[in-house]
Each structure stands twice: as C-alpha cells, then as structure tokens.
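What follows is each chain in one-letter form.
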Amino acid sequence: LLPSRRPEGCRALVGAGAAKVLVERISNEPIELQATALEALRLLMAQPAGLEDCIREDALPSLLLRLESPAAEVRKQAALALAAFTAHTPEKIQAGAAALPPLLSMLASGDCSVTARCAASAALMSLTTETGCKRAAAEVGGAMVLS
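Residues numbered from 1 in each chain as written. Predicted model: local features only at pLDDT ≥ 70, side-chain atom pairs only at ≥ 80, totals over all residues. Heavy atoms only, no water.

Q: Would you mind showing me how to read the overall build of the protein here?
A: From N to C terminus, the protein includes 9 helices and 0 strands. When the helices and strands of the protein are placed in sequence order, the string is α-α-α-α-α-α-α-α-α. What you see for the protein is a C-alpha radius of gyration of 15 Å, in line with the 15 Å of a compact globule of 147 residues. Taken over the C-alpha atoms alone, the protein extends approximately 50 × 30 × 25 Å along its principal axes. (Helix = DSSP H or I, 4+ residues; strand = E, 2+ residues; numbered from the N terminus. Rg over C-alpha atoms; globule rule 2.2 N^0.38 Å.)

Quick look at the structure:
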C-alpha cells in the first residue's frame, strides 16, 4: 500500500489516481490500516500533483476526523498528512479552526509519544504561518490552558 519514497514512484501513483482511492479508502479502512493509508497519502502529497489531487478529492475532512482517532499512530499519521496538506494558505484557512483543538490536545497529552507530539507540532507550524490561524491558535491554546 505504501508508495515508494522515491519521487518517480510517487509520481507514477499520482498519475494512476492513487489519491482518489486513498481518500475514499481511509474512512472505510479498519483502524489497524488507517495509519498506513494516511502515510501513503502523505507521501503522495510530497509531489505537487499529488497535493493538488488530495485537495481536489477533499481529503481534509478525513484528515481532521483521524486527528481524534483512538489509535495514537493514526493521530500521528493524520497530523503529518495535515502538515503536508496545508502547504498553501487556502488549505491553512480551511483547516485552521477545526484542526487546532485536536493538535493542541496531542501536544498537551501525556499519553502521546514524542513522535506524535512532533507530528502535531509539524501540523501546527504549517497552519500558523497564516495570520488568522496563528491568532486562532493563541485563542484556542489560551482557552485550553485556562480550562
């Protein structure tokens, strides 16, 4: 299921329409396979055409939903995929408000692995390069600290 980490392998899978299949399948896969599907999607998004395909296939709702999965590896892979998905400002704005609470929760959680926290940090860094998301992150983070 995982595409090659080599650019030509990812380009071939993008050309074959793998993004559409993965976006459709993530929601239907058993939890044990979701992390692998999310990792594959993230690898496809390393190619500009793969990212465009994921945007066109509306991958965001599936990524956001997986940020709150009961499986830690699924949350980690969803955060990494979200970091790749939000490379451009329109996607940052689209994801911002919905993505911030689960990402901040991952950072604050004592039961998340270091790699999961790093994944959440990567997604937050991607999101908060946009001013509105930066402001929202400060508000959400402040509210979480006060509660």
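Q: Just to check I follow, could you spell out helix α2 (residues 18-26) for this structure?
A: Helical geometry note: an α-helix holds 3.6 residues per turn, so side chains three or four residues apart project in the same direction. Inspection of α2 places A18, A19, L22, V23 and I26 among the buried residues, and these make up the whole buried set. With its buried residues spanning 130° around the axis, α2 presents them on a single face. (Buried < 20%, exposed > 50% of the residue type's maximum accessible area, 1.4 Å probe, protein only. Arc of directions from axis to C-beta.)

Q: Hey, could you run me through the pattern of salt bridges in this one?
A: Side chains that differ in sign of charge can pair as their charged atoms come close. A complete count under the given rule lists 6 salt bridges for this structure. Note that K20 and E57 form a salt bridge whose closest N and O atoms lie 4.0 Å from each other. In this pair, K20 is assigned in helix α2 and E57 in the loop between α4 (48-56) and α5 (60-66), connecting sequence segments 37 residues apart. On the accessibility criterion, K20 (41% relative accessible area) is partly exposed. By relative accessible area, which is 26% here, E57 ends up partly exposed. Residue R25 pairs with E29 through a salt bridge whose shortest N-O separation is 2.8 Å. Taking relative accessible area as the criterion, R25 reaches 38% and is therefore assigned partly exposed. One salt-bridge network, held together by shared partners, links K20, E24 and E57. (Salt bridge = Lys/Arg side-chain N within 4 Å of Asp/Glu carboxyl O.)

Q: Looking at this structure, how should I read the packing of helix α6 (residues 72-85) against helix α8 (residues 114-127)?
A: For any two helices packed against each other, the geometry comes down to the angle between their axes and how far apart the axes lie. Running from amino to carboxyl end, α6 crosses α8 at an angle of 25°, the nearest separation of the two axes being 8 Å. One way to sum up the angle between α6 and α8 is to call them roughly parallel. The two elements α6 and α8 meet at a crossing, and its hand is left-handed. Residues K76, A79, L80, L82 and A83 of α6 form the contact with α8, whose participating residues are T115, A116, A119, A120, A122, A123, S126 and L127. (Axes fitted to C-alpha atoms, helices over the stretch in contact; angles between N-to-C directions. Parallel < 35°, antiparallel > 145°, perpendicular 65-115°, else oblique. Left-handed = near helix turned anticlockwise from the far one by under 90°. Contact = heavy atoms within 4.5 Å.)

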